[in-house]
Amino acid sequence: MATPVMPLLSFLLWVPLLGALALTLLPTETAGRTYRSLAAIMAAIALVVSLAIARLFDPGNAAPQLIEVIPWLEPLGLSYRLSVDGLSLPLLVLNNFLTLITLLASSGNLPRPRLYYPLVLLLNAGVSGAFLADNLLLFFLFYELELIPLYLLIAIWGGTRRSYAATKFLIYTAISGVLLLAGFLGLVWLAHAPSFDFDPQLSTLLPLSSQLVLLGLILVGFGIKIPLVPFHTWLPDAHVEASTPISVLLAGVLLKLGTYGLVRFGVQLFPQAWQVLAPVLATWAVVSVLYGALMAIAQTDMKKMVAYSSIGHMGFVLLATATATPLSILAAIAQMMSHGLISALLFLLVGVVYEKTGSRNIEVLRGLLNPERGLPLIGSLMIVGVMASGGIPGMVGFVAEFLVFRSSFLTYPVQTLLCMVGTGLTSVYFLLLVNRVFFGRLPPELSDLPPVAWGDRLPSLLLATLILILGIVPNWLIHWSKTTVSLLTTAVATLPAP
């Protein structure tokens, strides 16, 4: 498709970037609520633009669309090349929606708003750029761009151990970026490619041994980002120390850069090597699912429990991606979207409970579902989120997990059954959370909880509504991706069995 008259993809990047710059130029005496309102307007504009892109997108066209190309550093093979397809479009909309939710959930009285809100917008631009980049080096630049603002958002506005958590996140993510850069450089160098432009045919020029080495670098790099066991240890610390809105972005969007990378730069770029490693990846998925679930059961901190839950649910994406059939890649996309919405809702609700009670300990809290003196609406929404995460029919979590298991069972029956055990364990630890925290008698020390303002309720209500709607109309999750996924998996399907 030719370059559009209005460069919508670039517009999607420059709106938050220019918005971040404009916020830093406001007078220092500007109120925090003003910063939040202006940042939310910028995020809303970006969301509208992403929906306009979806409106212009042709689901029947498998090729990249709305392509924008500007020569940049041609001697390095770096070009400003953006495009969108059925894989990146849903995640692009998710990123902008959750950025708006994050800004709405942020406090209007937090310290240093002149820095906080521009960093959130900069993070949004970096993630959108990574999803849109059609050049390997350009993807790496955007992938690294989001590292700096997220590090600062944890290190400045985090909890008591924020420096430790932020530094650990920085080290792990920096290693991830180095491995990815090594894989991209090796691919372009060994294939003698003239540039870093994304080309699925590059790996066909290499022997299988070289493909396996390069794919191994990329798998470990994205495995750190997802994160998969044993590269997961940075995630619980980052979530526990990050503020609630930043946890929403971290779980809902940032982890999806890793799973997106598995499909885009694993399945699509190295189909032959992927087929060889697929059984190992399916087993790796089982380890992450069961480990995440068992660790979640052992937690007493509500936020850490949800963090370990994310590790388990990202394992479902790896299982579907390892299968690499059209249905399984659609399942992976659905699971990414489902987890983004559900984890965002759970982290928001845990944040409200902590703000009103001063505790996240499930051994201390009791009876918060009390209709008169507790947090009845928050408790009800938590039950919705827990049911969605546990795969109750009628909610988006059921749709995504059913697609994962249905698409993977014929290829990897043992691994699929073990991952289904992980789904059962999800119900166990979340039922423990709900039963201990929200049911029972409300203790005297929690009987005078401050009311929950509508500003705190609205983001959670929006997420819960979307979780229910997509559970009833699941085709909205995969409608945009069917044709793209069919083309993406063609190379894997036509290869002989290893």
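Treat the numbers as computed from the prediction; the structure is a model and nothing was measured.

Colleague: Which parts of the structure should I look at to understand the layout of surface pockets?
Modeller: Leftover empty space is mapped by rolling, across the atoms, a probe with the size of a water molecule. Roughly 840 Å³ of volume is contained in the largest pocket. As for the largest pocket, its lining consists of 35 residues, and the residues nearest its centre are S243, T244, P245, G351 and E355. Listing elements by their share of the lining of the largest pocket, those giving two or more residues are α2 (32-56), α3 (88-105), α9 (234-241), α10 (244-267), α13 (326-357) and α17 (454-472). It is α13 that contributes the most residues to the lining of the largest pocket, six residues altogether. Residue composition of the lining of the largest pocket, grouped by class: 16 nonpolar, 12 polar and seven charged.

Colleague: Any chance you could explain helix α16 (residues 413-438) here in plain terms?
Modeller: Since one α-helical turn is 3.6 residues long, residues separated by three or four positions face the same way. Taking 1.5 Å per residue as the helical rise, α16 with its 26 residues ought to reach 38 Å, and the 37 Å between its terminal C-alpha atoms agrees with that figure. A positive phi of about 95 degrees marks G440, the residue just after α16.

Colleague: I keep staring at empty space enclosed by the protein and nothing clicks. Help me out?
Modeller: According to the stated counting rule, one finds two cavities of 30 Å³ or more in the structure shown. Considering only enclosed or pocket space, the largest cavity measures out at about 90 Å³ in volume. H313, H339, I342, S343 and S389 are the residues nearest the centre of the largest cavity, which is lined by 14 residues in total. No other element matches the six residues that α13 contributes to the lining of the largest cavity. For the lining of the largest cavity, the class distribution of residues is four nonpolar, nine polar and one charged. In this structure, the second largest cavity spans a volume of roughly 30 Å³. The wall of the second largest cavity is formed by V289, A293, G312, H313, F316, G422, T423, T426 and Y429. Among the secondary structure elements, those contributing two or more residues to the lining of the second largest cavity are α11 (271-297), α12 (302-323) and α16.

Colleague: What should I look at first to understand the side chain of Q211 in this one?
Modeller: Here Q211 is to be found in helix α8 (residues 208-225). Within polar-contact distance, the side chain of Q211 engages the side chain of Q272 at 3.3 Å. Among all residues touching Q211, those that are not within four sequence positions of it are S203, L206, F270, Q272 and A273.

Colleague: It is not clear to me how the environment of S481 should be interpreted in this structure. Could you clarify?
Modeller: Its place among the elements puts S481 in the loop between α18 (475-478) and α19 (482-488). S481 gets classed as buried once you look at its relative accessible area, which sits at 0%. Between the alpha carbons of S481 and I329 there is a distance of 9.2 Å; along the sequence they are 152 residues apart. When sequence neighbours within four positions are dropped, the list of residues in contact with S481 reads G86, P90, L330 and I333.

Colleague: Teacher, can you tell me more about unusual backbone geometry here?
Modeller: Glycine aside, a negative phi is what most residues show, and trans is what most peptide bonds show. Cis geometry is adopted by the peptide bond preceding P227, which originates at I226 and carries an omega value of -10 degrees. Mapped onto the elements, P227 comes out in the loop between α8 and α9. In the segment running from V229 into P230, the intervening peptide bond is cis, with an omega of 10 degrees. As for its position among the elements, P230 is in the loop between α8 and α9. Phi is positive for L66, which is not a glycine, with a value near 55 degrees. Positionally, L66 belongs in strand β1 (residues 65-73). The exposure class assigned to L66 is buried, which follows from its relative accessible area of 5%. Phi at H192 is positive, roughly 55 degrees, even though this residue is not glycine.

Reading the values: rules and limits
- Residues numbered from 1 in each chain as written.
- Predicted model: local features only at pLDDT ≥ 70, side-chain atom pairs only at ≥ 80, totals over all residues.
- Heavy atoms only, no water.
- 1 Å grid on protein atoms, 1.4 Å probe; cavity = no way out; pocket = protein on both sides within 12 Å on 5 of 7 lines; lining within 4 Å.
- Points joined across faces, edges and corners; volume = space filled by probe spheres on them.
- Helix = DSSP H or I, 4+ residues; strand = E, 2+ residues; numbered from the N terminus.
- Nonpolar A, V, L, I, M, F, W, Y, C, P; charged D, E, K, R; others polar.
- Expected span 1.5 Å × (residues − 1).
- Polar contact = N/O pair within 3.5 Å; in protein donor to acceptor, adjacent residues only side chain to side chain.
- Contact = heavy atoms within 4.5 Å.
- Buried < 20%, exposed > 50% of the residue type's maximum accessible area, 1.4 Å probe, protein only.

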